[in-house]
Amino acid sequence: MTVRTILQLPDKRLRSPCEDVTEVTDDVRAIWQDMIDTMDAMPGVGLGAPQIGVMLRLAVVDTSEARDKRIRLANPEVIDASAIMNVHEEASPCLPGVSAKVSRPRGVRVKYLDETGASVERDFVGLDATSVQHQIDHLAGKLYFDRLSKVKRDMLLRRARKMKG
Amino acid sequence: MSVLPILLWPDPRLMDICAPIEAITPEIEALAADMLETMYAAPGRGLAGPQVGAMQRIFVMDVGWKEGKPDPLVCLNPMLQEVSKERATNSEGCLSIPGISADVSRPAQVQMVWTGLNGGRYVQSFTGFAAACVQHELDHLDGVVTFDHLDAQTRAALEAEYAA
């Protein structure tokens, strides 16, 4: 039960692909718990393990108001995506002070290992779908602004540098 | 088995996003059976969860039963994988907006993936009326009705006709 420090860009770990976990152990469950505590402290709707420097394909998502719908994912893969896109204003605590409208499939079906280690397939829509995809990007060393056009991406990064001073 | 009351627009439940179905429980099986019975009784060719107040991603459909044998389809967590660039306009009615038909332009062909009541995954392409029907039902799961596809003027005229 620890709120961990969130890495800031240009930390290279945020740009590196993570490794699959081989098994859902108590250690993995402890990392998930720290990730949930860290997500709640932000507060945010999801977190990928590399954001706290853990280079494993682990993510957590909770978009509920009551913060009682914890979704723990290990080795998540999108197996089906809607052709209909949804635009959401996304941001990251790894690059504070800026955000951008990102277009992603409005629904996805994701295969992952749950907290018991079972392989499950689950459908996500709305903000859940956006957050799950955003976290899966983190596990591949990608950030939301990589999905913008070059012009928009450069503008956002310039704005972020200015914020930092 | 029972025929359920159908919610009428502008019930707020028809404007809300439905939650994915997590597990195929006896309740979901019973809901699907009731929805089919309600659709055939209406009579209609498609019915989505929120139209009977079930805020879950489920719809039932049978586009041909009025002309031939019943061929019911139950779709859980449906998703459009592909939509054609080509569009088609169909006159669409809605059990939740009785008495009103609206000309709605949509992709003419779609490929949909869904989970069946048996837990299996299905992928199928739909064209013609069936393509419009699956998109109409899927819209309901995202809080969208035919009115939302119309330009402001057409919408206002049809809303006035509906209110009259």
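The sections below set out a description of the structure shown in this document. (Residues numbered from 1 in each chain as written. Chains lettered and ligands numbered in written order. Predicted model: local features only at pLDDT ≥ 70, side-chain atom pairs only at ≥ 80, totals over all residues. Heavy atoms only, no water.)

## Structural notes on the overall build of chain B
Then step 1. A tally of helices and strands in chain B yields three helices and seven strands.
Then step 2. Starting at the N terminus, the α and β elements of chain B follow one another as α-β-β-β-β-β-β-β-α-α.
Then step 3. Over its C-alpha atoms chain B spans a radius of gyration of 15 Å, differing by no more than 12% from the 15 Å that the globule rule assigns to 164 residues.
Then step 4. In terms of principal-axis extent, the alpha carbons of chain B reach across some 45 × 35 × 35 Å.
Then step 5. By residue count, 46% of the 164 residues in chain B fall in the buried class.
Then step 6. Put simply, of all contacts in chain B between residues at least 6 apart along the chain, 62% involve residues at least 24 apart.
Then step 7. Entry remark: accessible area of chain B is about 7,600 Å², with carbon and sulfur atoms responsible for 54%. (Helix = DSSP H or I, 4+ residues; strand = E, 2+ residues; numbered from the N terminus. Rg over C-alpha atoms; globule rule 2.2 N^0.38 Å. Buried < 20%, exposed > 50% of the residue type's maximum accessible area, 1.4 Å probe, protein only. Contact = heavy atoms within 4.5 Å. Areas by Shrake-Rupley, 256 points an atom, 1.4 Å probe, with all protein chains shown as cover.)

## Digging into the overall build of chain A
Then step 1. Each helix and strand counted, chain A has three helices and seven strands in total.
Then step 2. Counted from the first residue to the last, chain A has its helices and strands arranged as α-β-β-β-β-β-β-β-α-α.
Then step 3. Against the compact-globule benchmark of 15 Å for 165 residues, chain A has a radius of gyration of 15 Å, which places it among compact chains.
Then step 4. For the C-alpha atoms alone, the extent of chain A along its principal axes is close to 45 × 35 × 30 Å.

## Overview of the nonpolar core
Then step 1. By size, the foremost hydrophobic cluster in this structure holds 31 residues, and its most contacted members are Trp32(A), Met35(A), Leu58(A), Phe145(A) and Leu156(A).
Then step 2. At the level of elements, helix H1 (26-41), strand S2 (58-61), strand S5 (99-105) and helix H3 (150-164) of chain A are the ones that each hand at least two residues to this core.
Then step 3. Here this core gets six residues from one element, more than from any other, and that element is H1(A).
Then step 4. Of all hydrophobic cores here, the second largest spans 16 residues; its members include Cys18(B), Val110(B), Met112(B) and Trp114(B). (Core = buried A, V, L, I, M, F, W, Y, C linked by side-chain atoms within 4.5 Å.)

## Overview of the sheet that holds strand S1 (residues 46-48) of chain B
All names here are of chain B.
Then step 1. Taken in spatial order, the five strands make up an open sheet running S1-S2-S3-S6-S7, and their pairing is antiparallel. Lying at the two open borders of the sheet, with one neighbouring strand each, are S1 and strand S7 (121-127). Sheet twist, expressed as the mean angle between neighbouring strand axes with direction ignored, is 40°.
Then step 2. Relative to S7, strand S6 (residues 109-115) runs antiparallel, the two sharing seven bridges. (Pairing = 2+ DSSP bridges. Axes fitted to C-alpha atoms, helices over the stretch in contact; angles between N-to-C directions.)

## Concerning the interface of chain B and chain A
Then step 1. Each partner contributes to the interface: chain B provides 15 residues, whereas chain A provides 13 residues.
Then step 2. Roughly 1,100 Å² of surface becomes buried between chain B and chain A when both sides are summed, with 54% attributable to carbon and sulfur atoms.
Then step 3. Joining chain B to chain A, the criterion identifies six residue pairs in polar contact (both at pLDDT 80 or more).
Then step 4. Residue assignment for the side of chain B that touches chain A shows that the elements contributing at least two residues are strand S3 (73-83) and S6 of chain B.
Then step 5. Looking at the side of chain B that touches chain A element by element, the count peaks at six residues for S3(B).
Then step 6. Residue composition of the side of chain B that touches chain A, grouped by class: seven nonpolar, three polar and five charged. (Buried area = accessible area lost by both parts, 1.4 Å probe. Polar contact = N/O pair within 3.5 Å; in protein donor to acceptor, adjacent residues only side chain to side chain. Nonpolar A, V, L, I, M, F, W, Y, C, P; charged D, E, K, R; others polar.)

## Here's the deal with the side chain of Asp62(B)
Residues and elements named next belong to chain B.
Then step 1. Tracing the chain through its elements places Asp 62 in the loop between strand S2 (58-61) and S3.
Then step 2. Of the buried charged residues, Asp 62 lacks a salt bridge, with Arg 45 as the closest side chain of opposite charge at 7.7 Å.
Then step 3. Within the structure, the side chain of Asp 62 is placed 2.5 Å from the side chain of Tyr 40, a separation counted as a polar contact.
Then step 4. Among the polar contacts made by the side chain of Asp 62, one reaches the main-chain amide nitrogen of Asp 71 at a distance of 2.6 Å.
Then step 5. Residue contacts for Asp 62: discarding those within four places in its chain leaves Met 39, Tyr 40, Arg 45, Pro 70, Asp 71 and Pro 72. (Lys, Arg positive; Asp, Glu negative; His and termini not counted. Salt bridge = Lys/Arg side-chain N within 4 Å of Asp/Glu carboxyl O.)

## What to know about the side chain of Asn75(A)
Residue and element names in this part refer to chain A.
Then step 1. Checked against the element boundaries, Asn 75 lands in strand S3 (residues 71-81).
Then step 2. A relative accessible area of 14% means that Asn 75 is categorised as buried.
Then step 3. Only 2.9 Å separates the side chain of Asn 75 from the backbone nitrogen of Val 21, close enough to count as a polar contact.
Then step 4. Asn 75 has contacts with Asp 20, Val 21, Arg 57, Lys 111, Tyr 112 and Leu 113, leaving out every residue within four places of it along the chain.

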